[in-house]
Amino acid sequence: MKEIKAVIRPNKLTALRDALRTVPGFPGMTVTKAEGCSAPARRPGNSIKEELTDYTPKVRLEIVAEDQVAEALFQRIIEVTQTGQVGDGLVWMTDIHKAAFIFKTTPGAEGL
């Protein structure tokens with residue numbers, strides 16, 4: 001299994017969600033609000049003070065997926081979220097050694 005994490009522009013979330021839902025085996029994702037700033041070297045002309053105090057809103061995604069679908073999800077995230085501008089975000093993938101869904105079914109609720 002793989003864990004895919006991404007930090008993206010908030011305005012790309014709806015399009016990304018729609019695109020990921022078309023990938024066979026998409027397991028769902030967790031989304032949280034985040035803020036961040038880039039390194040001073042990535043934005044020439046700005047002072048360090050501006051870089052450290054100018055946080056921009058982002059969205060952080062987390063997806064745990066089977067190996068065979070993880071690469072397709074990773075590539076789809078890049079395709080949908082890139083604009084070619086500084087601040088598009090970051091996506092990374094790591095190995096998961098063990099994962100399990102946490103739920104308990106209620107007797108008679110198997111069809112829900």
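Residues numbered from 1 in each chain as written. Predicted model: local features only at pLDDT ≥ 70, side-chain atom pairs only at ≥ 80, totals over all residues. Heavy atoms only, no water.

An unreviewed UniProt entry annotates the protein chain as P-II family nitrogen regulator originating from Azospira inquinata.

A.B. asks: Just give me the short version of the layout of surface pockets, but keep the residues and values in it.
C.D. replies: The volume enclosed by the second largest pocket comes to roughly 310 Å³. For the second largest pocket, the lining is made up of 14 residues, of which Pro27, Ile63, Val64, Ala65 and Phe101 are closest to its centre. (1 Å grid on protein atoms, 1.4 Å probe; cavity = no way out; pocket = protein on both sides within 12 Å on 5 of 7 lines; lining within 4 Å. Points joined across faces, edges and corners; volume = space filled by probe spheres on them.)

A.B. asks: For the sheet that holds strand β2 (residues 30-36), give the residues involved together with the corresponding values.
C.D. replies: Spatially, the four strands line up as an open sheet ordered β2-β3-β1-β4, and their pairing is antiparallel. Only two strands of the sheet have a single partner each, and these edge strands are β2 and β4 (89-95). Between one strand and the next, the sheet's axes are offset by a mean angle of 20°, whatever the strand orientation. Relative to strand β3 (residues 56-65), strand β1 (residues 2-8) is paired through seven bridges, and the arrangement is antiparallel. Across the sheet, the residue bridging to Val7 is Arg60, located in β3. (Pairing = 2+ DSSP bridges. Helix = DSSP H or I, 4+ residues; strand = E, 2+ residues; numbered from the N terminus. Axes fitted to C-alpha atoms, helices over the stretch in contact; angles between N-to-C directions.)

A.B. asks: Describe helix α1 (residues 13-21), naming the residues involved and giving the relevant values.
C.D. replies: Within the sequence span of α1, burial applies to Leu16, Ala19 and Leu20. Looking straight down α1, one finds that the buried residues subtend no more than 95° of arc, so they occupy a single side. Lining the buried residues of α1 we find β1, β3 and α3 (67-81). (Buried < 20%, exposed > 50% of the residue type's maximum accessible area, 1.4 Å probe, protein only. Arc of directions from axis to C-beta. Contact = heavy atoms within 4.5 Å.)

A.B. asks: Now, about the packing of α1 against α3: what can you tell me, with residues and values included?
C.D. replies: Relative to each other, α1 and α3 sit at 145°, their axes nearing to 10 Å. The handedness of the crossing between α1 and α3 is right-handed. Side by side, α1 and α3 meet where Ala15, Leu16, Ala19 and Leu20 of the first sit next to Leu73, Arg76, Ile77, Val80 and Thr81 of the second. (Left-handed = near helix turned anticlockwise from the far one by under 90°.)

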